[in-house]
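# A closer look at the structure
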Amino acid sequence: MAAMGPDKHLRADAERNRQRVIAAARQVFADEGLGVSMRYIAKRADVGEPTLRRRFPTKADLVAAVFEDKAAAYADAADAALAEPDAWHGFTTFVESLAGMQLGDRGFTEVLTMTFPKSIRLEEQRRRAYESIGMLIARAKAAGALREDFTPEDMILVLIAHAGIVAGAGDIAGTLSPRLIAYLLQAFAAPGAGPLPAPPTMVETYRALLRMHEDDQGAASS
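Structural notes, computed from the coordinates. What you see is a predicted model; the values in this text were computed from it and never measured.

Conventions and cut-offs
- Residues numbered from 1 in each chain as written.
- Predicted model: local features only at pLDDT ≥ 70, side-chain atom pairs only at ≥ 80, totals over all residues.
- Heavy atoms only, no water.
- Helix = DSSP H or I, 4+ residues; strand = E, 2+ residues; numbered from the N terminus.
- Polar contact = N/O pair within 3.5 Å; in protein donor to acceptor, adjacent residues only side chain to side chain.
- Contact = heavy atoms within 4.5 Å.
- Buried < 20%, exposed > 50% of the residue type's maximum accessible area, 1.4 Å probe, protein only.
- Expected span 1.5 Å × (residues − 1).
- Salt bridge = Lys/Arg side-chain N within 4 Å of Asp/Glu carboxyl O.
- Axes fitted to C-alpha atoms, helices over the stretch in contact; angles between N-to-C directions.
- Parallel < 35°, antiparallel > 145°, perpendicular 65-115°, else oblique.
- Left-handed = near helix turned anticlockwise from the far one by under 90°.
- Nonpolar A, V, L, I, M, F, W, Y, C, P; charged D, E, K, R; others polar.

## Describing the side chain of Ser177
Residue position: Ser177 is located in helix 9 (residues 173-188). Looking at Ser177, its side chain comes within polar contact range of the side chain of His162, at 2.6 Å. Those residues in contact with Ser177 that sit more than four places away from it in its chain are Ala99, Leu103, His162 and Ile165.

## Details of the environment of Arg106
Counting through the fold element by element, Arg106 comes out in the loop between helix 5 (87-104) and helix 6 (107-112). Residue Arg106 is classed as partly exposed on the basis of its relative accessible area, which comes to 33%. For the pair Arg106 and Glu32, spaced 74 residues apart in the sequence, the C-alpha separation amounts to 6.3 Å. Beyond its immediate sequence surroundings of up to four residues, Arg106 is in contact with Phe29, Ala30, Asp31, Glu32, Gly33, Val166 and Ala167.

## Details of helix 7 (residues 120-142)
Between its first and last C-alpha, helix 7 extends 33 Å over 23 residues, near the 33 Å set by a 1.5 Å rise per residue. Listed in full, the buried residues belonging to helix 7 are Leu122, Glu123, Gln125, Arg126, Ala129, Ser132, Ile133, Leu136, Ile137, Ala140 and Lys141. Looking at the buried residues of helix 7, the elements they touch are helix 4 (59-82), helix 5, helix 6 and helix 8 (152-168). In the stretch just after helix 7, Gly144 is the one whose phi turns positive, near 75°.

## Looking at the pattern of salt bridges
In this structure the tally under the stated criterion is 11 salt bridges. Notably, a salt bridge pairs Arg44 with Glu32, separated by 4.0 Å at the nearest N-O pair. Taken together, the positions of Arg44 in helix 2 (residues 38-45) and Glu32 in helix 1 (residues 6-32) put the pair 12 residues apart, joining distant regions of the chain. Given a relative accessible area of 40%, Arg44 falls into the partly exposed group.

## Examining the packing of helix 5 against helix 7
Two numbers describe how helix 5 lies on helix 7: the axes approach to 8 Å, and their chain directions differ by 140°. Accordingly, the angle class assigned to the pair helix 5 and helix 7 is oblique. In this structure, helix 5 meets helix 7 at a crossing whose hand is left-handed. The segment helix 5 lies against helix 7, with Ala87, Gly90, Phe91 and Phe94 engaging Ile133, Leu136, Ile137, Arg139 and Ala140. Partitioned by chemical class, the residues of the contact of helix 5 with helix 7 number seven nonpolar, one polar and one charged.

Below is the structure:
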């Protein structure tokens, strides 16, 4: 077997470092959210910060690489819910899956509020998920199972409300989460106990999410 040449050896080393950085960042983002520093991630990956930044010049580049698979899983969950024969069961299964993804990864909610113009694959997966969620809501309404005043922005409210459990409940988050989701699903079921206040616009909803993301980053850097 021929010996590995210098160029191939350097490429192999670079790829190993890249995988170490992604693995370390995936764990750190899941445990602590996206507010951690690039220096901290480099330390966890046991590489120098210059090495990390050669492959990922900005944190957005690193976040996009780490979360491409999670974005695909998010879209797949919405598609799987659409494939359920029972419209209400598909809707509730998706909401429960969304909560489970948040519980397993603190960075997940933050990623859903960000844009990644350089990562075509990640943005495509987010668009696919958004389209499927819209169809999921419409189908549940058409079946008479979901209250008529439920909007796609209300799914964002679920993310925001559940993020509080994930961030603040510590070891008992897994116990509190199913109860909160059960309360919300009962409130979402048709016909609804009463009229709701007007929903926020999509712009207002995403501003709230971005503000929450900025507050998390500020707390992590202080």
